[in-house]
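Examining the three-dimensional arrangement
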Amino acid sequence: MSHNSEKFMSTDKLGAVAGVAAVTVAVHLFMEQWKANVGGRPEGSSVEAPANPAGRNYLIGGNWKCNQTTESALELVSVLNAAGPIPTNCEVVVGIPYPYLALVASKLRSDIQIASQDCAHSAKMGAFTGEVNVNQLKDVGCTWVILGHSERRSGFGGDSGESSNLIAGKCVTAVAAGLKVMLCVGETLEERESGDTIKVVKSQLDPAIKALQPADWENVAIAYEPVWAIGTGKTATPEMAQETHAEIRAYVASALGRDVASKIRIQYGGSMKAANAKALLAQPDIDGGLIGGASLKPEFADVWRGML
């Protein structure tokens, strides 16, 4: 190889190194700007509201599921930012698709928290293709994660749905990392008509009850979502929903003690919307909602506004 050739190769390598360095600097600057934006999220506002008689703050969750684009996500963020004060007895969280977590976290008002709709079983980085772990979720601004949704349990109609044991393991991983969890449970129409509602719910809760420590439940809410009422427009009457919520709380008391049961929040997730939220939330054991389709519309804010 000639001296000139060696010189050429050396220059080429230097160029490559410089290119990598430039990309590294650009990524660093982007992350610094993103962190600055997160820190500068629009301020929210609150309004005094009567305390929940049970002593638990309401938890209103919105699940965007696999919806939105950059444009429509930003439009909805603008609507929520302008939605007025949130009652002091109420906590609001929105579950965002992975691609838009950082974007929404940087633009959404600071008093609405961000949730992921799932997380990896392992907290480790590594050979977990397609997974997103809890530390990555925290890095982009998540404070909550939704786990065990019926759509994931059923595998979206396929053959590979998530087991209750897997979901329990994810709960342990999430809580250990400092994330809060909305743990979804619920029965199908066939199971309800067979009188197996609480039997099914118990079977879904038991692995998590065994895996988590009693103190961990301070960071876990149970979202009761009757599968037959998700996205169908059908809703359990407030009395029906209250009956199941009371049974769930009684089971938690028998398994984990009355103190845990009295503090845990149980959300209702069967097609809750502005029109029925007030009646549902008036029930003594219904502590909030996990709202799907209605969370994609301006009326989502009417759920908490209707509590005033």
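Report on the accompanying structure. (Residues numbered from 1 in each chain as written. Predicted model: local features only at pLDDT ≥ 70, side-chain atom pairs only at ≥ 80, totals over all residues. Heavy atoms only, no water.)

**Focus on the overall build of the protein**
Spelled out, the test is: Helix and strand labels come from DSSP, where a helix needs a run of H or I of at least four residues and a strand needs a run of E of at least two; each type is numbered from the N terminus. Type-normalised accessible area, obtained with a 1.4 Å probe on protein chains alone, sets the label of each residue: buried when under 20%, exposed when over 50%, and partly exposed for intermediate values. Any two residues having at least one pair of non-hydrogen atoms within 4.5 Å are treated as being in contact. For the accessible areas, the method is Shrake-Rupley and the probe is 1.4 Å, while residue cover comes only from the protein chains on display.
Counting its regular elements, the protein contains 12 helices and 10 strands. In the protein, buried positions account for 45% of the 308 residues. In the protein, the share of contacts with a sequence separation of at least 24, taken over all contacts with a separation of at least 6, comes to 74%. Split by element, the accessible area of the protein, about 14800 Å² in all, is 56% carbon and sulfur.

**Considering the side chain of Arg 249**
Structurally, the position occupied by Arg 249 is in helix 9 (residues 238–256). Assessed through its relative accessible area of 9%, Arg 249 is described here as buried. Ignoring any residue separated from it by four or fewer positions in sequence, one finds Arg 249 in contact with Arg 56, Ala 261, Ser 262, Ile 264, Ile 266, Asp 285 and Asp 287.

**Remarks on the packing of helix 6 (residues 164–176) against helix 8 (residues 197–211)**
As a reminder of what qualifies: Lines fitted to the C-alpha atoms define the axes, with helices restricted to the stretch that makes contact. Angles between their N-to-C directions range from 0 to 180 degrees. When describing relative orientation, an angle under 35 degrees is termed roughly parallel and one over 145 degrees roughly antiparallel, while 65 to 115 degrees is termed roughly perpendicular and anything else oblique. By definition, turning the near helix anticlockwise from the far helix through less than a right angle yields a left-handed crossing, and turning it clockwise yields a right-handed one. Residues are grouped as follows: Ala, Val, Leu, Ile, Met, Phe, Trp, Tyr, Cys and Pro are nonpolar; Asp, Glu, Lys and Arg are charged; all remaining types, including Gly, are polar.
Where helix 6 meets helix 8, the axes come as close as 8 Å, and the angle between the chain directions of the two elements is 40°. Overall, the two elements helix 6 and helix 8 adopt an arrangement that is oblique. Seen along the crossing, helix 6 lies across helix 8 with a hand that is right-handed. Of helix 8, the residues touching helix 6 (which contributes Ser 164, Asn 165, Ala 168 and Val 172) are Ser 203, Gln 204, Pro 207, Ala 208 and Ala 211. Grouping the amino acids of the contact of helix 6 with helix 8 by side-chain chemistry returns 5 nonpolar, 4 polar and no charged.

**Some points on the pairing of strand 5 (residues 112–116)**
The condition is simple: Handedness is read with the strands pointing away from the viewer; a crossover is right-handed when the path from the first strand over the helix to the second is clockwise. Strands pair, by our definition, only if DSSP identifies at least two bridges between them.
When you tally the buried positions in strand 5, you get 4 out of 5 residues, the bulk of the element. Running through helix 3 (residues 101–107), the crossover from strand 4 (residues 90–96) to the neighbouring parallel element strand 5 is right-handed. Relative to strand 6 (residues 144–147), strand 5 runs parallel, the two sharing 2 bridges. Bridge pairing in strand 6 places Ala 115 opposite Trp 144.

**A few points about the environment of Glu 191**
Tracing the backbone shows Glu 191 in helix 7 (residues 189–193). When its relative accessible area of 27% is taken as the criterion, Glu 191 is described as partly exposed. Separated by 35 residues in the primary sequence, Glu 191 and Pro 226 place their C-alpha atoms 9.9 Å from one another. Once residues within four sequence positions are removed from consideration, Glu 191 is found in contact with Asp 196, Thr 197 and Val 200.

**Observations concerning the packing of helix 8 against helix 9**
Where helix 8 meets helix 9, the axes come as close as 11 Å, and the angle between the chain directions of the two elements is 40°. Judged on the interaxial angle alone, helix 9 and helix 8 are oblique. For helix 8 against helix 9, the interelement crossing comes out right-handed. Taken together, the residues of helix 9 that come into contact with helix 8 (itself represented by Thr 197, Ile 198, Val 201, Lys 202, Leu 205, Asp 206 and Ile 209) are Thr 244, Glu 247, Ile 248, Tyr 251, Ala 255 and Leu 256. Classifying every residue of the contact of helix 8 with helix 9 gives 8 nonpolar, 2 polar and 3 charged.

**Comments concerning the nonpolar core**
Under the convention used in this document: We call a set of buried residues a nonpolar core when its members are Ala, Val, Leu, Ile, Met, Phe, Trp, Tyr or Cys and they connect through side-chain atoms within 4.5 Å of each other.
If you look at the biggest cluster of nonpolar residues, it comprises 70 residues, and the most contacted ones within it are Trp 217 and Trp 304. Counting residues in hydrophobic clusters, the runner-up holds 10 residues, among them Val 93, Ala 115, Trp 144 and Cys 184.

**Re the pattern of salt bridges**
Short version of the rule: Any Lys or Arg side-chain nitrogen found within 4 Å of a carboxyl oxygen on Asp or Glu counts as a salt bridge.
Here the structure, examined in full by the defined rule, presents 13 salt bridges. Taking the shortest distance from any N to any O, the salt bridge between Glu 91 and Arg 265 comes out at 2.8 Å. You can see Glu 91 sitting in strand 4 and its partner Arg 265 sitting in the loop between helix 10 (258–263) and strand 9 (266–268), a full 174 residues away along the chain. The two residues Glu 91 and Arg 265 agree in class, both being buried. Residues Glu 187 and Arg 192 are paired through a salt bridge, measuring 3.0 Å at the closest nitrogen-oxygen approach. Judged by its relative accessible area of 22%, Arg 192 falls in the partly exposed class.

**Some details on the packing of aromatic side chains**
Cut-off, in case you're wondering: Stacked, edge-to-face and tilted labels apply to pairs of Phe, Tyr and Trp rings (six-membered ring for Trp) whose centres lie within 6.5 Å, assigned for plane angles under 30 degrees, over 60, and everything in between, in that order.
Taken as a whole and judged by the stated rule, the model has 2 aromatic pairs. The interplanar angle of 50° and the centroid separation of 6.2 Å between the aromatic rings of Tyr 224 and Tyr 268 together place this pair among those described as tilted. Taken as a pair, Tyr 224 in strand 8 (residues 220–224) and Tyr 268 in strand 9 lie far apart in primary sequence, 44 residues in all. Of the two residues examined, Tyr 224 and Tyr 268, each falls in the buried class. Between Phe 300 and Trp 304, the aromatic rings sit 5.6 Å apart at their centres with planes inclined by 85°, giving edge-to-face as the arrangement. Separated by 4 residues within a single helix, Phe 300 and Trp 304 lie in helix 12 (residues 300–305), roughly one turn from each other. Of the two residues, Phe 300 and Trp 304, both sit in the buried class.

Coordinates in, geometry out; function isn't part of it.
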